[in-house]
Amino acid sequence: MPLTAADNPVMDSIINRYPRSRSAIMPLLHFAQSKDGYVTPDSIEVIAQKLNLETAEVSAVATFYTQYKRKPVGEYHVGVCTNTLCAVMGGDAIFEALKDHLGIENDEVTADGKVSVEHIECNAACDYAPVVMANWEFYDNQTVQSAKDLVDAMRQGNPPAPTRGPNKLPTWKENSAVLAGLNDGRAHEGVQAGEPTLLGLKIAKDQGAK
Amino acid sequence: MTKLTPVLSASWDQKDSFTIEGYKRNGGYKAVEKALSMAPDDVIQLVKDSGLRGRGGAGFPTGMKWGFIPQGDNKEHYFVVNADESEPGTCKDMPMLMANPHVLVEGIIIGSYAIRANHAFIYIRGEVTHIIRRVQQAIEDAYKAGYLGKNILGKGFDLELVLHVGAGAYICGEETALLDSLEGFRGQPRLRPPFPAIAGLYARPTVVNNVESVASVPAIVNNGVEWFASMGTEKSKGFTLYSLSGHVKNPGQFEAPLGVTLRELIALAGGMRNGNKLKFWTPGGSSTPLFTEAHLDTPLDYEGVAAAGSMLGTKALQIFDETVCVVRAVLRWTEFYKHESCGKCTPCREGTWWLVQILKDLESGKGEAADLDKLLDLCDNIAGRSFCALADGAASPIISSLKYFRQEYLDHLSNGGCPFDPAKSTLFELAQGGAR
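Asker: I tried to follow the overall build of chain B on my own but got confused; where do I start?
Answerer: For chain B, the helix and strand inventory stands at 18 helices and ten strands. In terms of overall dimensions, chain B is globule-like: its C-alpha atoms have a radius of gyration of 22 Å, near the 22 Å expected for 436 residues. Viewed in the frame of its principal axes, chain B has a C-alpha envelope of about 75 × 45 × 45 Å. Across the 436 residues of chain B, 59% fall into the buried class. A sequence separation of at least 24 residues applies to 72% of the contacts in chain B between residues at least 6 apart.

Asker: Looking at this structure, I do not really get the overall build of chain A. What am I missing?
Answerer: Along chain A, the regular secondary structure elements total eight helices and five strands. Ordered by position from N to C terminus, the α and β elements of chain A give α-α-α-α-β-α-β-β-β-β-α-α-α. The proportion of buried residues among the 210 residues of chain A is 56%. In chain A, once contacts between residues fewer than 6 apart in sequence are set aside, the share between residues at least 24 apart is 63%.

Asker: Explanation requested: the interface of chain B and chain A in the structure shown.
Answerer: Interface size is commonly expressed as the accessible area that is lost once the parts come together. At the junction of the two partners, chain B supplies 74 residues and chain A supplies 68 residues. Elements supplying a minimum of two residues to the side of chain B that touches chain A: helix H5 (93-99), helix H7 (129-144), strand S4 (157-165), strand S6 (239-246), strand S7 (252-257), strand S10 (316-321) and helix H15 (326-340) of chain B. Of the residues forming the side of chain B that touches chain A, the biggest block, eight residues, is contributed by H7 of chain B. Its residues placed into classes, the side of chain B that touches chain A shows 36 nonpolar, 26 polar and twelve charged.

Asker: For this particular structure, what's the right way to read the nonpolar core?
Answerer: Soluble globular proteins tend to bury their nonpolar side chains together. Membership of the largest hydrophobic core comes to 205 residues, with the highest contact counts inside it found for Leu-29, Leu-98 and Val-132 of chain A together with Val-80, Ile-110, Tyr-123 and Leu-265 of chain B. Sort the elements by how many residues they give to this core and helix H5 (residues 84-102) of chain A lands first, with eleven residues. Each residue touching Val-132 of chain A, except ones within four places of it in the same chain, is listed here: Val-78, Gly-79, Val-80, Ile-94, Tyr-139, Gln-142, Ala-147 and Leu-150 of chain A.

Asker: Could you clarify how one ought to interpret the sheet that holds strand S1 (residues 78-83) of chain B in this entry?
Answerer: Pairing between the strands of a sheet comes from backbone hydrogen bonds, and it takes one of two forms, parallel or antiparallel. Residue and element names in this part refer to chain B. Spatial strand order, S3-S4-S2-S1-S5: five strands in an open sheet with mixed pairing. Looking at strand neighbours, the two that pair on one side only are strand S3 (149-152) and strand S5 (206-210), the edges of this open sheet. Averaged over all adjacent pairs, the angle separating strand axes in this sheet is 25°, with direction ignored. As paired elements, S3 and S4 share two bridges and run antiparallel to each other. Bridge pairing links Gly-149 to Leu-159 in S4.

Asker: Mind showing me how you'd approach helix H8 (residues 175-182) of chain B here?
Answerer: Of all eight residues in H8 of chain B, seven are buried, a share of seventy percent or more. In the segment just after H8 of chain B, Gly-184 of chain B is the residue with positive phi, at about 100°.

Asker: What's the story with unusual backbone geometry in this structure? I'm lost.
Answerer: One can expect most non-glycine residues to show negative phi and most peptide bonds to be in trans. Residue and element names in this part refer to chain A. Going from Ala-129 to Pro-130, the amide bond is cis rather than trans, its omega being -5°. Looking at the secondary structure, you find Pro-130 in the loop between strand S3 (115-120) and strand S4 (132-134). Although it is not a glycine, Asp-107 adopts a positive phi angle of roughly 70°. Using a count of 13 C-beta atoms within 10 Å as the deciding quantity, one classes Asp-107 as partly exposed. Despite not being glycine, Asn-141 shows a phi value in the positive range, around 45°. Looking at the secondary structure, you find Asn-141 in the loop between strand S5 (137-139) and helix H6 (144-155). Judged by the 22 C-beta atoms lying within 10 Å of it, Asn-141 is buried.

Asker: What am I meant to see in the domain arrangement of chain A here?
Answerer: Partitioning chain A into domains gives domain 1 (5-62) and domain 2 (76-171). On a C-alpha basis, the centres of domain 1 of chain A and domain 2 of chain A stand 29 Å from each other.

Asker: Would you take a moment to explain the packing of helix H3 (residues 40-50) of chain B against helix H6 (residues 101-115) of chain B for this structure?
Answerer: Two packed helices can be described by the angle between their axes and the distance between those axes. All names here are of chain B. The interhelical angle for the contact between H3 and H6, taken along N-to-C directions, is 120°, at an axis separation of 7 Å. Taken as axis vectors, H3 and H6 run oblique relative to one another. Relative to H6, the crossing made by H3 is left-handed. Taking contact as the criterion, the partners of Pro-40, Val-43 and Ile-44 in H3 are, on H6, Ile-110, Tyr-113 and Ala-114. For the contact of H3 with H6, the class distribution of residues is six nonpolar, no polar and no charged.

Asker: Help me understand the packing of H5 of chain A against H6 of chain A in this model?
Answerer: All names here are of chain A. The geometry of H5 relative to H6 is characterised by a closest axis approach of 9 Å and an angle of 40° between their N-to-C directions. When the axes of H5 and H6 are compared, the crossing they make is right-handed. Between H5 and H6, the residues in contact are Ala-93, Ile-94, Ala-97, Leu-98, His-101 and Leu-102 and Val-144, Ala-147, Lys-148 and Val-151, respectively. Split into classes, the residues belonging to the contact of H5 with H6 amount to eight nonpolar, one polar and one charged.

Asker: Could you clarify how one ought to interpret the domain arrangement of chain B in this entry?
Answerer: All names here are of chain B. Split into domains, chain B comes out as domain 1 (20-225), domain 2 (239-321) and domain 3 (326-419). Residue-level contacts link nine residues of domain 1 with nine residues of domain 3. Class assignment of the residues belonging to the side of domain 1 that touches domain 3 gives a composition of six nonpolar, two polar and one charged.

Asker: Which parts of the structure should I look at to understand the pairing of S6 of chain B?
Answerer: The side chains of a regular strand alternate between the sheet's two faces. Residues and elements named next belong to chain B. Counting buried positions over the eight residues of S6 gives eight, a clear majority of the element. Sheet topology note: the S6/S7 ladder contains six bridges and is antiparallel. Along S7, the bridge assignment pairs Leu-241 with Glu-255. Adjacent in sequence and paired antiparallel, S6 and S7 are bridged by five residues. As judged from the four bridges shared by S6 and S10, these two strands associate in the parallel manner. By the bridge assignment, Gly-246 is partnered in S10 with Ile-319.

Procedures and definitions
- Residues numbered from 1 in each chain as written.
- Chains lettered and ligands numbered in written order.
- Predicted model: local features only at pLDDT ≥ 70, side-chain atom pairs only at ≥ 80, totals over all residues.
- Helix = DSSP H or I, 4+ residues; strand = E, 2+ residues; numbered from the N terminus.
- Rg over C-alpha atoms; globule rule 2.2 N^0.38 Å.
- Buried ≥ 20, exposed ≤ 12 C-beta atoms within 10 Å, placed from the backbone.
- Contact = placed C-beta atoms within 7 Å.
- Nonpolar A, V, L, I, M, F, W, Y, C, P; charged D, E, K, R; others polar.
- Core = buried A, V, L, I, M, F, W, Y, C linked by C-beta atoms within 7 Å.
- Pairing = 2+ DSSP bridges.
- Axes fitted to C-alpha atoms, helices over the stretch in contact; angles between N-to-C directions.
- Domains from an automatic or database assignment.
- Parallel < 35°, antiparallel > 145°, perpendicular 65-115°, else oblique.
- Left-handed = near helix turned anticlockwise from the far one by under 90°.

And the structure:
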């Protein structure tokens, strides 16, 4: 469903967050992805008109940032961290296994449109390595088998909940709306922290109890 | 045993620590009442006196940064938080914001009041949806409770706080690239001067602080300068989050006084996995020169790490044991810098590309010994010759690994390829038919 005049109230509310309208380019691009799944030429035009910019100016921004996609991704977009630490801890093996298991290459989508894979850079969860992201939700401490099970469940439309995230994995489009700053009411779902996050605090409390 | 000092992390084991109710139950939003009763200049002086230094990498004194904002200049001021946490190995701000986003909101209100800004932004990386939800909700709840918006707590101070979500660009963690990105441009660093304190967001005086720096302020306001300075070392005061990842038995977050050593932290993490030997580690992310076993007792504060030839950085301690090939590790980091180079400065854009080519040849055993000196020569022409520190960061792992592990590079050449088995470094046994 492309961006239309019906989306004007939301787009205006995004623009009104900022002292200067041009700052709204990034959330508007996330919002466009929540409609189409990727940044279409049409949505570039809508955003350019909205912000009184040239389409080239909006394109220049859209093509700079890797989270803006220029072609459709899967309903579930899977990112495998292959930066050094996760790669060493198993991310390389997981990424190779997923491509082989799904029969697709980096940045490709399965024929059923369900799953796409991408190798990603450090996602700030190194104490949970190896890390896999799905629609930018955390799947911590993955193995080759758990990652294969995850994408299999996605293809059956029933992925498990993220390790640290909402109770149910949202779709790519649903989460793109969250990145545009639209509250989906699910902030209270899921844990406040995983075990590695709490390790130092637990030891400190044990120290204090002694 | 090493004394841990949970302050930021103190409430994280409570299930509702991220809600406004949970935060207030733990004494949250008391500091903002206190700070808004003080003169703004006194708040700046308090943070100066505490000795708090930036927790995002550079270690610049936070209060001094606030003091650089010109006052009485009839211009808008902006307070911007850098929550773009993307330095490889760095994983402290994101778990903090997942467990307690309100402490950041409270720190922002205090900081904005101090520098006399009526508009603040949190620039958060885009790849962390659930953390974005939590911060967004915290902001909305703070508005409802009267901590944001018009006439906060009846003190006549107005503040609008906006969460701005990035879209996948490491360079936007660099403060001037962040500002360009926030203005709606490609995230590319600016030439300084002028510094953001004079011409930052929309060319107005702007403070850009790391999440952990700002989140440390409410505790300082509540407990005072002496309490804060009772922790840490002479020039590196206070507590901070150390993030251990990699080949330790139990990776995780450890909040300790500045100056703790890696030997102490590894002991808290249960030792090395399988009793393996420590080979190399980063003190503060991949952009800080590598350390080895020889640095286990280096005090992890700003001065101690610098004196030993590296940087405290983000205190992202990535631990690699003897199973890991240092050439593979460095090549992967170098591929990262090449990918993330914004392309503005030629030495970085072209240089990181050539570094990858040479390292690839070396890893596969196709290079030659003279390539090692070529790498160093290239690094010399990249580091310090670009607008921002990404180029310096790209050179760090290469220069430091050649300093400590030159022979291992040469072994790749004599061996005709990598002598290591990557399966041995993983957390799971690939040998079992790839099943786990």
